[in-house]
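Take a look at the letters that make up each chain.
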Amino acid sequence: MRYQLEDDYGRPWTATVSLGWLTLMAVLTCGIAAPILGIYLSLWIRRKGRSVWPLVYFSLPFACFMVSYPLGKLLPHSFLLGDLNDWVGLIWIAGAFALRHEIQRYYKEREGWDIEIRPFFTLIFSVLYINYCLNPVTFSERGAATTLNLRK
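Parameters and conventions
Residue positions are counted from 1 within each chain, in the order its sequence is given. In keeping with the model being predicted, local features are shown solely for residues with a pLDDT of at least 70 and side-chain atom pairs are shown and tallied solely at 80 or more, while totals for entire chains, interfaces and linings include all residues. Excluding hydrogens and water, the side-chain figures rest on all heavy atoms present in the structure. Secondary structure follows DSSP: runs of H or I at least 4 residues long count as helices, runs of E at least 2 residues long count as strands, and numbering of each begins at the N terminus. Lines are fitted to the C-alpha atoms to define the axes, a helix being fitted only along its stretch in contact, and any angle between axes, read from their N-to-C directions, falls within 0 to 180 degrees. For classification purposes, an angle smaller than 35 degrees is called roughly parallel, one larger than 145 roughly antiparallel, one from 65 to 115 roughly perpendicular, and anything else oblique. We call a crossing left-handed when the near helix sits turned anticlockwise from the far one by less than a right angle, and right-handed when that turn is clockwise. Every residue pair with non-hydrogen atoms within 4.5 Å of one another is taken to be in contact. A side-chain nitrogen of Lys or Arg and a carboxyl oxygen of Asp or Glu constitute a salt bridge if their distance falls within 4 Å. The classification of residues rests on relative accessible area computed with a 1.4 Å probe and restricted to protein chains. Under 20% of the type maximum is buried, over 50% is exposed, and intermediate values are partly exposed.

> If you had to explain the environment of Tyr-9 to someone new, which residues and values would you point to?
Among the secondary structure elements, Tyr-9 is positioned in the segment before α1 (19-28). Here the alpha-carbon distance between Tyr-9 and Pro-136, two residues 127 residues apart in the chain, equals 9.8 Å.

Right, dumping it as structure tokens:
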């Protein structure tokens, strides 16, 4: 059985979810929803033939958290885990910008459209903002629905 990572129009399934619901989900899950969204969007863009680096950048921090959280409870105040946390944050930021770059390149090459994903908001809101930029409502607000060759 093959799972689809996108809807009929080629956008990720999460693109139609509002920013408010995604933010609420991230808050209610204590932030776990954000890395999962990053991994999902990275898988989506990878299936479009883009680079594997966004997937690596989002998977490493998530895997590090999944391993270090139980170890942090067993080995409190571990120097190694504290050092890893700094790198995890930097890798997360690199993942957001790598994902932004791959999405922009994809839309430029395939659709001939410069999708606007601002760097400042990418830095602050990361994958929540990137997913928001893929929302079809934002496409119509920017007048880009005709350039994306969307089916009716």
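From this point on, the discussion continues.
> Talk me through the packing of helix α2 (residues 33-47) against helix α5 (residues 119-133); I want residue IDs and the actual numbers.
In contact at an axis separation of 9 Å, α2 and α5 are set at 50 degrees when each is read in the N-to-C sense. Between α2 and α5, the crossing angle belongs to the class labelled oblique. Crossing geometry of α2 relative to α5 is assigned as left-handed. When α2 is examined against α5, the residues Ala-34, Leu-37, Gly-38 and Leu-41 are found in contact with a partner set consisting of Val-127, Leu-128, Ile-130 and Asn-131.

> An account of the pattern of salt bridges is requested, with residue identities and associated values reported.
Inspection of the entire model under this criterion finds six salt bridges. When the shortest N-O distance is used, the salt bridge between Arg-50 and Glu-109 registers 2.9 Å. Taken as a pair, Arg-50 in the loop between α2 and α3 (53-74) and Glu-109 in helix α4 (residues 79-111) lie far apart in primary sequence, 59 residues in all. Arg-50 gets classed as buried once you look at its relative accessible area, which sits at 7%. Between Arg-105 and Glu-102 there is a salt bridge; the shortest N-O distance is 3.6 Å. Highlighted residues: Arg-105 and Glu-102, both in helix α4, separated by three residues, approximately one helical turn.

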